[in-house]
Structures are given as C-alpha cells and as structure tokens.
Amino acid sequence: GKSKVFLARQDQFEVPDAAELKKFDDDLQELGEKHKKLTEECKDLNAALRQLSSALTDEEITARTASLRKELNVKESKLAKLKEGAALVTREEKDEAEKQYLLYRDAWRKRRRLCVDAIGMITESSGQKSQEFMEQLGLETDEEAGVQLGQDMISAASRKRSAQGG
C-alpha cells in the first residue's frame, strides 16, 4: 500500500533563540533530576509500606503474646514434672511411637534384604565376592556401621511389660 505523510508548514511556528533553547534544556534537566528524586522517594515509601503491611497489628500481637504465654506455661509445667521425675509420655503416645518404630524397622529390613539379594545376584554372575563388590561401591554392612537388627529395644520392653503384668 500507499502511505501519505502530512507535514505542518514550519514557517508558521516561532523559532526559539539560543537563550530560550538553553532555558528549555536547563528546565528539562531540572525536571529530570526532580523526577529521579521523586521516583527514589516513591520506592522508599513503597518499601516502608510493605514493611508496615507485613508487621503485626496490636490485636495480633496481643493474641500472639497470649498464645505464647499459654505455651510457656505448659512447657514450664512439663519442666516441673520432669524435675520431679514423673513420666510425661502417655501410654497412647508410647504405643504410637512403638508402632512407628516397628513400621520403619520393618521397611528397613525389607530394603536391606532386597539390597543384599541384588548384590548377591550381581556378584554371583560376575564371580566377585560380595564384600569386594560392596567395598567397590562404598557400601557398608549393618555390622560395620554398628547397627544390630537382632533383639531390639521395643521387643525387650514389651516382654518386660508382659512379665510385669502391665
């Protein structure tokens, strides 16, 4: 397509003299500096606003203080009981902890068995000893790590509790 360009006649406009152009340049520079200062001030004020917006209100501080005081009182009472030598773990909490322990121990045994079986299959086909292969991979056995899967604490404690009738 075609385009048309229209230009205004330049002879109808006043041409500013050099002094007037210098004044315009100075005004422009002054306004630019003023704009820069105002932009910086605006940025600082926005940062302060964000900080104040994220701060807690008086009501929130009061509520938070009250909840922290309650928590402190509970912990202080637990500390006092501990100093007296009382047990702070309920039977339900202890049973839940034992249940979790047994769950994780069983998962550990299963993964250990799978790992030992896989190492056995690999070394059987390669003609290498299991210990040498594990050493090459940087694996250590439970015994080398000082872990014993035999009699664990929970089963011993359960037997002791059963013997005591509780």
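Before reading further, recall that the structure is shown in the block above.
The following paragraphs examine the structure supplied in this document.

Basis of the calculations
- Residues numbered from 1 in each chain as written.
- Predicted model: local features only at pLDDT ≥ 70, side-chain atom pairs only at ≥ 80, totals over all residues.
- Heavy atoms only, no water.
- Helix = DSSP H or I, 4+ residues; strand = E, 2+ residues; numbered from the N terminus.
- Contact = heavy atoms within 4.5 Å.
- Areas by Shrake-Rupley, 256 points an atom, 1.4 Å probe, with all protein chains shown as cover.
- Patch = residues over 30% accessible without salt bridge, like charges linked within 9 Å, V, L, I, M, F, W, Y side chains within 5 Å.
- Salt bridge = Lys/Arg side-chain N within 4 Å of Asp/Glu carboxyl O.
- Lys, Arg positive; Asp, Glu negative; His and termini not counted.
- Charge placed at Lys NZ, Arg CZ, Asp CG, Glu CD.
- Axes fitted to C-alpha atoms, helices over the stretch in contact; angles between N-to-C directions.
- Parallel < 35°, antiparallel > 145°, perpendicular 65-115°, else oblique.
- Nonpolar A, V, L, I, M, F, W, Y, C, P; charged D, E, K, R; others polar.
- Buried < 20%, exposed > 50% of the residue type's maximum accessible area, 1.4 Å probe, protein only.
- Expected span 1.5 Å × (residues − 1).

1. Topic: the overall build of the protein chain
Then, number 1: Within the protein chain one finds six helices and zero strands.
Then, number 2: Across the protein chain, helices and strands are ordered from the amino to the carboxyl terminus as α-α-α-α-α-α.
Then, number 3: A fraction of 51% describes how many contacts in the protein chain between residues 6 or more apart in sequence connect residues 24 or more apart.
Then, number 4: A total accessible area of about 15,300 Å² is found for the protein chain, and carbon and sulfur atoms account for 56% of it.

2. Digging into a negative patch on the surface
Then, number 1: Where like charges cluster on the molecular surface, the negative patch consists of E92, E93, D95 and E96.
Then, number 2: Along the chain, E96 turns up in helix α3 (residues 91–126).

3. With respect to the packing of α3 against helix α4 (residues 130–137)
Then, number 1: For the pair α3 and α4, the least separation of the axes is 9 Å and the interaxial angle reads 110°. As judged from the angle between their axes, α3 and α4 are roughly perpendicular. Taking contact as the criterion, the partners of I119, I122 and T123 in α3 are, on α4, S130, F133 and M134.
Then, number 2: Its residues assigned to classes, the contact of α3 with α4 comprises four nonpolar, two polar and no charged.

4. Focus on the side chain of T123
Then, number 1: Structurally, T123 can be placed in helix α3.
Then, number 2: Judged by its relative accessible area of 5%, T123 falls in the buried class.
Then, number 3: Leaving out residues up to four positions away in the same chain, T123 has contacts with Q128, K129, S130 and F133.

5. Structural notes on the pattern of salt bridges
Then, number 1: In the structure shown here, the tally under the stated rule is six salt bridges.
Then, number 2: Among the salt bridges present, the one from K23 reaches D27, with a minimum N-O distance of 3.4 Å. Pair noted here: K23 and D27 are both in helix α1 (residues 18–54), with a separation of four residues, about one helical turn.

6. Points about α3
Then, number 1: Between its first and last C-alpha atoms α3 spans 52 Å; for 36 residues at 1.5 Å apiece the expected length is 52 Å, and the two agree.
Then, number 2: Among all positions in α3, only E98, R105, I119 and T123 are buried.
Then, number 3: One or two steps after α3, the chain reaches G127, where phi turns positive at roughly 80°.

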